[in-house]
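Next come the chains, spelled out residue by residue.
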Amino acid sequence: MKIVLAFFLLIISNISHSESAPTLFDANVIPHASVISHEDCFSGVFSSYKSWKEEMVFGKGIKELAFQQRFPESDFNQYKDTVQCYSFVYEVEQHLVKGFVLYPKGLLNEKLPSIIYNRGGNNVNSHTLKFGNLFFYHFPLALEGNVVISSQYGGAMVWPKNFKGNGGVDEYGGAGGSPHN
């Protein structure tokens, strides 16, 4: 946990004290060896509202009207235009962990308040961070001028079924659990 917190503090200090407006993953902003990959949150199926909606409606069986009411296209476009969002994978004690960082576009020259958002609960589908969670909680916070950094817990079921790496184990009560479980 100390390694993860130190990593997040490094991200916060580098974003808040940047003298130019680089993207977060320029080598000068986060020169941290534990970050092994990253991508813009608005890539792949999330590159457009239409492709996200089609994935949810046709791929996941969500009703189109319900999707549109829950995730308005105008909000999606506003977030895409005004918030920089990255998903990234970093390594902690030989486990791969997914995280996100969001911040308002164009404000990297200023000190920004930072929020570390830890997802809650054990490894159930409703407790892992997904784009919909970012849409409801993270993007609005970044839109208000905050840097938002969040992370899955090790072992969260966020990897594809064919994933061969070490995502860790989401343990109830921490490492080893409780002898009373």
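Right above here is the structure, for reference.
Bear in mind that the values here come from a model prediction, so they are computed numbers and not experimental data.

## A short note on the packing of helix H4 (residues 73-82) against helix H5 (residues 131-143)
Alright, step 1. Two elements in contact, H4 and H5, have axes separated by 11 Å at closest approach and are oriented at 55°. As far as their axial angle goes, H5 and H4 are oblique. Considering how the two elements wind past one another, H4 and H5 form a crossing that is left-handed. Where H4 approaches H5, its residues Asp-75, Phe-76, Gln-78, Tyr-79 and Thr-82 are matched on the opposing element by Phe-131, Phe-135, Phe-139, Pro-140 and Leu-143.
Alright, step 2. Partitioning the contact of H4 with H5 into residue classes produces seven nonpolar, two polar and one charged.

## A short note on helix H2 (residues 49-59)
Alright, step 1. Turning to H2, its buried residues are Tyr-49, Trp-52, Lys-53 and Val-57. Projected down its long axis, H2 shows its buried positions confined to an angular sector of 120°, all on one face. Residues Phe-58 and Gly-59 are exposed on H2 and point more than 90 degrees away from its buried face.
Alright, step 2. The secondary structure elements touched by the buried residues of H2 are helix H3 (64-70), H4 and H5.
Alright, step 3. Immediately beyond the C-terminal end of H2, within one or two residues, lies Gly-61, with a positive phi of roughly 80°.

## Quick look at the packing of aromatic side chains
Alright, step 1. Tallied over the entire structure, the rule returns 23 aromatic pairs.
Alright, step 2. Judged by centre distance (5.7 Å) and plane angle (80°), the ring pair of Phe-42 and Phe-131 falls under edge-to-face. Of the two residues, Phe-42 is situated in the loop between strand S1 (35-40) and H2 and Phe-131 in helix H5; the sequence distance between them amounts to 89 residues. Like Phe-42, the residue Phe-131 is buried in the burial classification.
Alright, step 3. Aromatic side chains Trp-52 and Phe-131 sit 4.8 Å apart centroid to centroid with 80° between the ring planes, which places their arrangement in the edge-to-face category. Here Trp-52 is found in helix H2, whereas its partner Phe-131 is found in helix H5, with 79 residues between them in sequence.
Alright, step 4. Accessibility expressed as a relative area gives 2% for Trp-52, which makes it buried.
Alright, step 5. On the basis of relative accessibility, which here comes to 7%, the residue Phe-131 falls in the buried class.

## A closer look at the sheet that holds strand S5 (residues 147-151)
Alright, step 1. Pairing in this open sheet of five strands is mixed, and the strands run S1-S2-S3-S5-S4 from one edge to the other. Each of the sheet's edge strands pairs with one partner strand only, and the pair in question is S1 and strand S4 (114-118). Between one strand axis and the next, the sheet turns by 20° as a mean value, whatever way the strands run.
Alright, step 2. Across four bridges, strand S3 (residues 95-104) lies against S5 in antiparallel orientation. Bridge pairing links Leu-102 to Val-148 in S5.
Alright, step 3. Sheet strands touched by H4: strand S2 (83-92) and S3. Its angle to S2, the strand with the most contacts, is close to 70°.

## Overview of the side chain of Gln-84
Alright, step 1. Mapping Gln-84 onto the fold places it in strand S2.
Alright, step 2. Under the relative-accessibility criterion, Gln-84 is labelled buried at 13%.
Alright, step 3. Within the local environment of Gln-84, its side chain forms a polar contact with the side chain of Asp-40, the two groups lying 3.4 Å apart.
Alright, step 4. Non-local contacts of Gln-84, meaning those with residues more than four positions away in its chain, are made with Asp-40, Val-101, Leu-102, Tyr-103 and Lys-105.

## Some points on the nonpolar core
Alright, step 1. Grouped together as the largest cluster of nonpolar side chains are 19 residues, with contacts concentrated most on Trp-52, Leu-102, Phe-131, Leu-134 and Phe-139.
Alright, step 2. Of all elements in the fold, only H2, H4, S2, S3 and H5 reach the threshold of two or more residues within this core.
Alright, step 3. When residues of this core are assigned to their parent elements, the largest contribution, five residues, is made by H5.
Alright, step 4. When near neighbours in sequence (up to four residues on either side) are disregarded, Leu-134 contacts Cys-41, Cys-85, Phe-100, Leu-102, Phe-139 and Pro-140.
Alright, step 5. Judged by nonpolar contacts, the second largest core, of 11 residues, contains Tyr-90, Val-101, Leu-112 and Val-147.

Cut-offs and rules
- Residues numbered from 1 in each chain as written.
- Predicted model: local features only at pLDDT ≥ 70, side-chain atom pairs only at ≥ 80, totals over all residues.
- Heavy atoms only, no water.
- Axes fitted to C-alpha atoms, helices over the stretch in contact; angles between N-to-C directions.
- Helix = DSSP H or I, 4+ residues; strand = E, 2+ residues; numbered from the N terminus.
- Parallel < 35°, antiparallel > 145°, perpendicular 65-115°, else oblique.
- Left-handed = near helix turned anticlockwise from the far one by under 90°.
- Contact = heavy atoms within 4.5 Å.
- Nonpolar A, V, L, I, M, F, W, Y, C, P; charged D, E, K, R; others polar.
- Buried < 20%, exposed > 50% of the residue type's maximum accessible area, 1.4 Å probe, protein only.
- Arc of directions from axis to C-beta.
- Phe/Tyr/Trp six-rings, centres within 6.5 Å; stacked < 30°, edge-to-face > 60°.
- Pairing = 2+ DSSP bridges.
- Polar contact = N/O pair within 3.5 Å; in protein donor to acceptor, adjacent residues only side chain to side chain.
- Core = buried A, V, L, I, M, F, W, Y, C linked by side-chain atoms within 4.5 Å.

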